[in-house]
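As a plain string of letters, each chain reads:
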Amino acid sequence: MRITTALIALGLGVTSARAQTTIEWWQFWTDPSIKPTIEAMVQDFERENPDIRVKLTDLTWANGHEKIAIAVASGTAPDVLELGSDWIAQFAAEGQLADISDDIALDSAGFNGWSLATYRGRVYARPWILGTRVLFINQDLLKRAGLDENTVPVTWGELMAAAQAISKLGRGVYGWGSNIAEKHRLYKKFLPFVWSNGGQILSDDGEFCVISSTRAVGALKFYKSLQDCCSFVDDQRGLEDAFLDNKIGFIISGDWLLKRIQQEKRSIRFATSILPGNNPNLGEERTPGVRSIAEVYPGKSFLGGEFLAVTTSSTHRAEALKLIAYITRPENQVRFCKANYSANPSSRNAQQDAFFQENPHLQTFGRQMRLSSHPPVDPDWVFMEDEIEKAVEDVVFNDAAPGEALRRAQIRITELRTKAK
Amino acid sequence: MSLPRSATSLALTSPWTITLAAFWVFPVAYSLYMGFTDYRLLAHGHAWVGWDNYRELFADPAFLSALRNTFIFVLGTIPLTTVLALGMALLVDRPFQGRAFFRSAFFLPSITSMVVIALIFMNLYQRGGYVGLLAELVGLPVPANGFLYDNGTALFAIMAMDVWMSVGYYMLIFLAGLQAVPHELYEAAEINGASAWRRFRSITLPLLRPVALFVIVINSIKSFQVFVEIFVMTRGKFDTMTCVYFVYENGLTTAFRVGYASAAAYVLLVIIALFSVAQFALMRRRGPAW
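Since the model is a prediction, treat every value here as computed from it, not as a measurement.

Reading the values: rules and limits
Residues numbered from 1 in each chain as written. Chains lettered and ligands numbered in written order. Predicted model: local features only at pLDDT ≥ 70, side-chain atom pairs only at ≥ 80, totals over all residues. Helix = DSSP H or I, 4+ residues; strand = E, 2+ residues; numbered from the N terminus. Buried ≥ 20, exposed ≤ 12 C-beta atoms within 10 Å, placed from the backbone. Contact = placed C-beta atoms within 7 Å. Domains from an automatic or database assignment. Nonpolar A, V, L, I, M, F, W, Y, C, P; charged D, E, K, R; others polar. Pairing = 2+ DSSP bridges. Axes fitted to C-alpha atoms, helices over the stretch in contact; angles between N-to-C directions. Expected span 1.5 Å × (residues − 1). Core = buried A, V, L, I, M, F, W, Y, C linked by C-beta atoms within 7 Å. pLDDT = per-residue confidence, 0-100. Bend = angle between axes of the 7 residues up to and from the residue. Parallel < 35°, antiparallel > 145°, perpendicular 65-115°, else oblique. Left-handed = near helix turned anticlockwise from the far one by under 90°.

K.L.:
Help me understand the overall build of chain A in this model?
P.N.:
Scanning chain A from terminus to terminus reveals 19 helices and 15 strands. The C-alpha extent of chain A, read off along each of the three principal axes, is 90 × 50 × 40 Å. Buried residues in chain A amount to 47% of all 421 residues. Nonlocal contacts in chain A, meaning residues at least 24 apart in sequence, comprise 73% of its contacts between residues at least 6 apart.

Now the structure itself:
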């Protein structure tokens, strides 16, 4: 009798396993404004693929990285992972992400952001929603400072002059918003200045660290002078609060601030523009008659984003790839971006949607993305990042000399890379 | 049918002993082992590296500064907390109107969530916050970006908060100790003409010695392990990196170097053990230890 029951149970198990595969997806979108969209997309996917069920698990930015690492270590990693771009190399180098180079070859043309997911020539994740940061300008403060409210600082010099003018208003009003020493955030604020000044982290061939080049040092000097002359210093959230309260003239922020302004129905009068540049070949002089800012003063920003990857431990690789392909379809990216007010879908087709084309702020983000760089895709980036942040902290909070601080960082990074080899 | 006595007691204590063995003894022993390996969460497998982690630790400027900050934290807060707690206990020991109110008011911070207190103090310490305004009123220099975002003041600001929040708890322990002091001793001393100061020095303090030892040892261990305040308020930045935060940051974030972090945790364990042994030895010494 018992044996019969067991056989029946086994038989049922086998049939249902054949009929349906369950895959697990760990993702970070828990905000009530976007979670329903994620769930709806998953339901639509299941309707399209009746043989696949998706189990969603939410992660938070506060401890998601930890949870993923622990899951990987204990062999309980899900099939599909949402990863921030700066984690891909780390997980890929340890062999935790499936190499999907051959699976995505067909549609690679339609997407931006592949370089962020490519480690040693192989692709380990698919770009989903990218992200960059632009300059937010408080137009009320410009006006109060006696400047044209449509002023858009195109060069570092113009930014400094406008920030100084706004700071002169006094009474708790500052021209510029500068970040405190926040891990994983400070470098994202500083590196755009390095890139905009023609500096780099590694040499073109990726062999040497060049973070103490004259151009990088110049960038740090300017960053420091901006902080010293007219800055409100706080964490990113604090800066955004102060900006929305008309206390800061200029801050660098991402599309989440657009979402917040809309959600909270803030009445602030603001503009967005690509970051000011400082083309070292042209100096601070603007060439008369040249209209294209991008060509003359490339104000480069930071490029990052959300990626979807399949873990090596997944036993449902095909189904996992199907889910990833579905979620990153252009129409689903548009759906996601509309709900979340995201400015930078990875799909070029999605970018053509009226939602992005008709909103000047989202267009700024689109333009800025084409003028963005990202740190090297390297498992040791976490250490390099730490050294660069230490140098910036040392200079802006301890008055260390920029040249020396960056030279120390360069020496430490070179040592690390030599050791890693 | 009856089981032998020892078997019964073993069975009855087993839920606790098993939990202790599985979730305490085993992890502690395993992390001792991991401290000698290059174990990283993300990597497949790990190798024995001998004393490499320990050698690296003592050459790592971040760890050395974490050690320094931890010692500043412990040596800065313990004497202050102990003296204040004793003083407050003496104050609320004598009968006066509203005594119950003050006793509970002093104790209140120690039953409040550390995270909540940290968030409130972040507000007080920020640029334009009350602490800054008060300091300005009395002509003290105020850091431009607030007390927590300044290398010179951040650690001390957190220490001040820690004293404020823990002093009530130790006051309560001292109070219990004070009430255990036999009243006849005071009466006898008074009859013999001892002054209040003399009674305090010759009766109260010596009899409170075991309580004081308890307070100092417990508070030292707790202070060596300071973490939540740092995690909430500064994330180890602005020269506030402490040992436990160092362990967390290296073991559970960025590179997930569990082996390295385990070694750091063991260095801290040895320091705490030595410190506690020294405290016991000092306090047990005969004669006026005060």
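Read on for the rest.
K.L.:
Any chance you could explain the domain arrangement of chain A here in plain terms?
P.N.:
The accessible area lost on association of the parts is a frequent measure of interface size. All names here are of chain A. Entries for chain A in the domain assignment read domain 1 (2–132 + 303–373) and domain 2 (134–302 + 380–420). Here domain 1 and domain 2 have C-alpha centroids that lie 31 Å from each other. Taken residue by residue, the interface counts 20 residues in domain 1 and 19 residues in domain 2. Listed by contribution, the elements that provide at least two residues to the side of domain 1 that touches domain 2 are helix 4 (88–93), helix 17 (360–370) and strand 15 (372–373). Looking at the side of domain 1 that touches domain 2 element by element, the count peaks at 5 residues for helix 17. In the side of domain 1 that touches domain 2, the residues fall into 6 nonpolar, 12 polar and 2 charged.

K.L.:
Honestly, the environment of Phe-224 of chain B in this entry has me stumped. Any pointers?
P.N.:
Residue and element names in this part refer to chain B. As for its placement among the helices and strands, Phe-224 is situated in helix 9 (residues 196–224). Assessed through the 20 C-beta atoms surrounding it within 10 Å, Phe-224 is described here as buried. Considering only alpha carbons, one finds Phe-224 and Thr-242, 18 residues apart in sequence, at a separation of 8.4 Å. If we ignore the near neighbours within four places in the chain, the residues touching Phe-224 are Thr-70, Val-74, Leu-268, Ile-271 and Ile-272.

K.L.:
What am I meant to see in the sheet that holds strand 8 (residues 174–179) of chain A here?
P.N.:
Picture the strands of a sheet paired through backbone hydrogen bonds; they go either parallel or antiparallel. Residues and elements named next belong to chain A. Pairing is mixed across the open sheet formed by 5 strands, whose spatial order is 9-8-10-7-11. Unpaired on one side and paired on the other, strand 9 (231–234) and strand 11 (270–273) mark the two borders of the sheet. Pairwise comparison of adjacent strand axes, ignoring direction, gives a mean angle of 25° for this sheet. In the sheet, strand 8 pairs with strand 9 via 4 bridges, with the strands oriented parallel. Residue pairing for strand 9: Ser-178 is matched across the bridge by Val-233.

K.L.:
For this particular structure, what's the right way to read the environment of Ala-281 of chain B?
P.N.:
With respect to the helices and strands, Ala-281 of chain B occurs in helix 12 (residues 258–284). For the pair Ala-281 of chain B and Asn-145 of chain B, spaced 136 residues apart in sequence, the C-alpha separation works out to 44 Å.

K.L.:
Can you help me understand the interface of chain B and chain A in this one?
P.N.:
With 15 residues of chain B in contact, the opposing surface of chain A contributes 19 residues. A breakdown of the residues in the side of chain B that touches chain A according to their chemical character gives 8 nonpolar, 5 polar and 2 charged.

K.L.:
For this particular structure, what's the right way to read the pairing of strand 8 of chain A?
P.N.:
Consecutive side chains of a regular strand alternate in pointing toward one face of the sheet and then the other. All names here are of chain A. With 6 of 6 residues buried, strand 8 lies mostly within the body of the structure. The pairing of strand 8 with strand 10 (residues 248–253) spans 2 bridges and is classified as parallel. Across the sheet, the residue bridging to Tyr-174 is Ile-248, located in strand 10.

K.L.:
Even after reading the chapter, I still don't get unusual backbone geometry, so can you show me in this structure?
P.N.:
It is generally the case that most residues other than glycine have a negative phi and that most peptide bonds are trans. All names here are of chain A. Located in the positive-phi region is Asn-246, a residue other than glycine, with phi close to 60°. Structurally, Asn-246 can be placed in the loop between helix 10 (236–244) and strand 10. If you check the backbone angles, Tyr-341 has positive phi at about 60° while not being a glycine. Structurally, Tyr-341 is set in the loop between helix 14 (330–340) and strand 14 (344–345).

K.L.:
Would you mind showing me how to read the sheet that holds strand 14 of chain A here?
P.N.:
Residues and elements named next belong to chain A. The 6 strands are arranged 2-1-3-13-6-14 in an open sheet whose pairing can be described as mixed. Only two strands of the sheet have a single partner each, and these edge strands are strand 2 (52–58) and strand 14. In the packing of helix 2 (residues 35–48) onto the sheet, the strands contacted are strand 1 (21–27) and strand 2, and the crossing angle to strand 2 comes to about 165°.

K.L.:
Explain helix 19 (residues 402–420) of chain A to me, please; I cannot follow it from the model alone.
P.N.:
An α-helical turn contains 3.6 residues, so any two residues separated by three or four positions project in the same direction. Residues and elements named next belong to chain A. Taking 1.5 Å of rise per residue, the 19 residues of helix 19 would be expected to cover 27 Å, and the 27 Å separating its terminal C-alpha atoms lies within 8% of that figure. Buried within helix 19 are the following residues: Pro-402, Ala-405, Leu-406, Ala-409, Gln-410, Arg-412 and Ile-413. Buried residues along helix 19 sit in contact with helix 9 (214–230) and helix 18 (381–398).

K.L.:
Hey, could you run me through the nonpolar core in this one?
P.N.:
Looking at soluble globular proteins, one finds that nonpolar side chains tend to be buried together. Counting 177 residues, the largest nonpolar core has Ile-88 and Tyr-124 of chain A together with Phe-174 and Ala-264 of chain B as its most contacted members. Considering each element in turn, this core owes the most residues, 12 residues, to helix 7 (residues 154–179) of chain B. Structurally, this core is a two-domain feature, drawing no fewer than three residues from each of domain 1 (2–132 + 303–373) and domain 2 (134–302 + 380–420) of chain A. Sequence-distant contacts of Ile-88 of chain A, that is, excluding residues within four places in its chain, are made with Leu-83, Leu-116, Ala-117, Tyr-119, Tyr-124, Ala-125, Phe-307 and Val-377 of chain A.

K.L.:
Which parts of the structure should I look at to understand the confidence of the model for chain B?
P.N.:
Fine structural detail should not be taken from predicted coordinates in areas where pLDDT scores are low. All names here are of chain B. Summarising the model, chain B shows a mean pLDDT of 91, and 97% of its residues fall at 70 or more. When pLDDT is averaged over each element of chain B, helix 2 (residues 52–57) comes out on top at 96 and helix 8 (residues 183–191) at the bottom at 90. Scoring the predicted complex yields pTM 0.87 and, for the interface, ipTM 0.83.

K.L.:
What is the right way to read the confidence of the model for chain A from this model?
P.N.:
Residue and element names in this part refer to chain A. When the pLDDT values of chain A are averaged, the result is 89; 90% of them are 70 or greater. Note on residues 4–17: pLDDT under 50 across the span, and 0 contacts to partners over four residues away in sequence or across chains. Counting interchain partners and residues more than four positions distant, the pLDDT-below-50 stretch residues 283–294 has 10 contacts.

K.L.:
What should I look at first to understand helix 9 of chain B in this one?
P.N.:
Residue and element names in this part refer to chain B. Here helix 9 is 29 residues long, yet its end C-alpha atoms lie only 36 Å apart, well below the 42 Å a rise of 1.5 Å per residue gives. Along its length, helix 9 shows its largest kink, about 55°, at Arg-209, and proline Pro-210 lies within four residues downstream of that point. Residues Leu-208, Val-211, Ala-212, Val-215, Ile-216, Asn-219, Ser-223 and Phe-224 constitute the buried set of helix 9.

K.L.:
Any chance you could explain the environment of Ile-23 of chain A here in plain terms?
P.N.:
Residues and elements named next belong to chain A. For Ile-23, the position within the fold is in strand 1. Residue class for Ile-23 comes out buried when judged on the 21 C-beta atoms lying within 10 Å of it. When the C-alpha positions of Ile-23 and His-316 are compared, they lie 7.0 Å apart, and in sequence the two are 293 residues distant. Beyond its immediate chain neighbours, meaning those up to four positions away, Ile-23 contacts Ile-52, Val-54, Asp-79, Val-80, His-316, Glu-319, Ala-320 and Leu-323.

K.L.:
Teacher, can you tell me more about the packing of helix 9 of chain A against helix 18 of chain A here?
P.N.:
For any two helices packed against each other, the geometry comes down to the angle between their axes and how far apart the axes lie. All names here are of chain A. Two elements in contact, helix 9 and helix 18, have axes separated by 10 Å at closest approach and are oriented at 40°. The angle between the axes of helix 9 and helix 18 places the two elements in the oblique class. Judged by the twist between their axes, the crossing of helix 9 over helix 18 is right-handed. For the pair helix 9 and helix 18, contact is made by Leu-220, Tyr-223, Lys-224 and Gln-227 and by Val-392, Val-395 and Val-396, respectively. For the contact of helix 9 with helix 18, a count of residues per class yields 5 nonpolar, 1 polar and 1 charged.

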